[in-house]
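A structural walkthrough
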Amino acid sequence: MHSFLPAKRWLPLLMAPLLAAAPAWAQHTVIQAENVRYEYAQVLRAEPVYQTLRATGMVERCEQSSMVSPDEGEERRGLSRVVGAVRDVLTPSRREPGTDEGDADCRMVPVEREFRRPIAYDVDYVVRGVKYRSRLPADPGNRLRVKVAVTPVVPSGAQD
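Structure report, in brief. Bear in mind the structure is a predicted one, so any value in this text is a computation, not a measurement.

Counting its secondary structure elements, the chain contains three helices and four strands. Counted from the first residue to the last, the chain has its helices and strands arranged as α-β-α-α-β-β-β. The buried share of the chain, reckoned over its 160 residues, is 12%. Across the chain, every contact between residues at least 6 apart in sequence was considered, and the portion connecting residues at least 24 apart equals 76%. A total accessible area of about 14,200 Å² is found for the chain, and carbon and sulfur atoms account for 56% of it.

Before going further, it helps to examine the nonpolar core. In terms of nonpolar packing, the biggest core is built from 10 residues, these being Ala41, Val43, Tyr121, Val123, Tyr125, Val127, Leu136, Leu144, Val146 and Val148. Contributions of two or more residues to this core are made by strand S1 (35-64), strand S2 (104-127) and strand S4 (143-150). Considering each element in turn, this core owes the most residues, four residues, to S2. Among all residues touching Leu136, those that are not within four sequence positions of it are Ala120, Tyr121, Val123 and Leu144.

This part is about the state of the cysteines. Where two cysteines share a covalent bond between their sulfur atoms, that bond is called a disulfide. As enumerated under the stated definition, the model contains one disulfide in all. With its sulfur 1.9 Å from that of its partner, Cys62 forms a disulfide with Cys106. Between Cys62 and Cys106 the disulfide shows an S-S torsion of about 110°. By sign, it is right-handed. Taken together, the residues span a long stretch of sequence, with Cys62 in strand S1 and Cys106 in strand S2 at a distance of 44 residues. The class for Cys106 is partly exposed, based on a relative accessible area of 27%.

Parameters at a glance
Residues numbered from 1 in each chain as written. Predicted model: local features only at pLDDT ≥ 70, side-chain atom pairs only at ≥ 80, totals over all residues. Heavy atoms only, no water. Helix = DSSP H or I, 4+ residues; strand = E, 2+ residues; numbered from the N terminus. Buried < 20%, exposed > 50% of the residue type's maximum accessible area, 1.4 Å probe, protein only. Contact = heavy atoms within 4.5 Å. Areas by Shrake-Rupley, 256 points an atom, 1.4 Å probe, with all protein chains shown as cover. Core = buried A, V, L, I, M, F, W, Y, C linked by side-chain atoms within 4.5 Å. Disulfide = S-S within 2.5 Å.

Here is the structure:
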């Protein structure tokens, strides 16, 4: 049991610095209560912030063929106009839907489209006469609920 006796003598000496630092450590762990209140601010303006998206899609484009038969090239008059109209209706042809005359030359072409969508709102608002601006995920409307917190500023390291 004599072997533990020197350790017991040194233990208080080892613990002394820790005990001396305890009051200083306790001063830094004081949690200061924050004074918080909720109010409503008057919204002055909410401007949308847009994201622009671009997409390319393939669309069929048809151009009218330039080959025209001789009798179609002449303007129809009188009775030939009526007969030609009846013949056009009754005669099956190779016309594409949506074209008025002749064959259509169709091909797929890329078409770029642009879309804009709001992703946020830059909001100007007033709290107790002071103007603020925040970027919010949605349009707040006419009023905006705000958190008002007051915390005293304590100079660090200064003792008065």
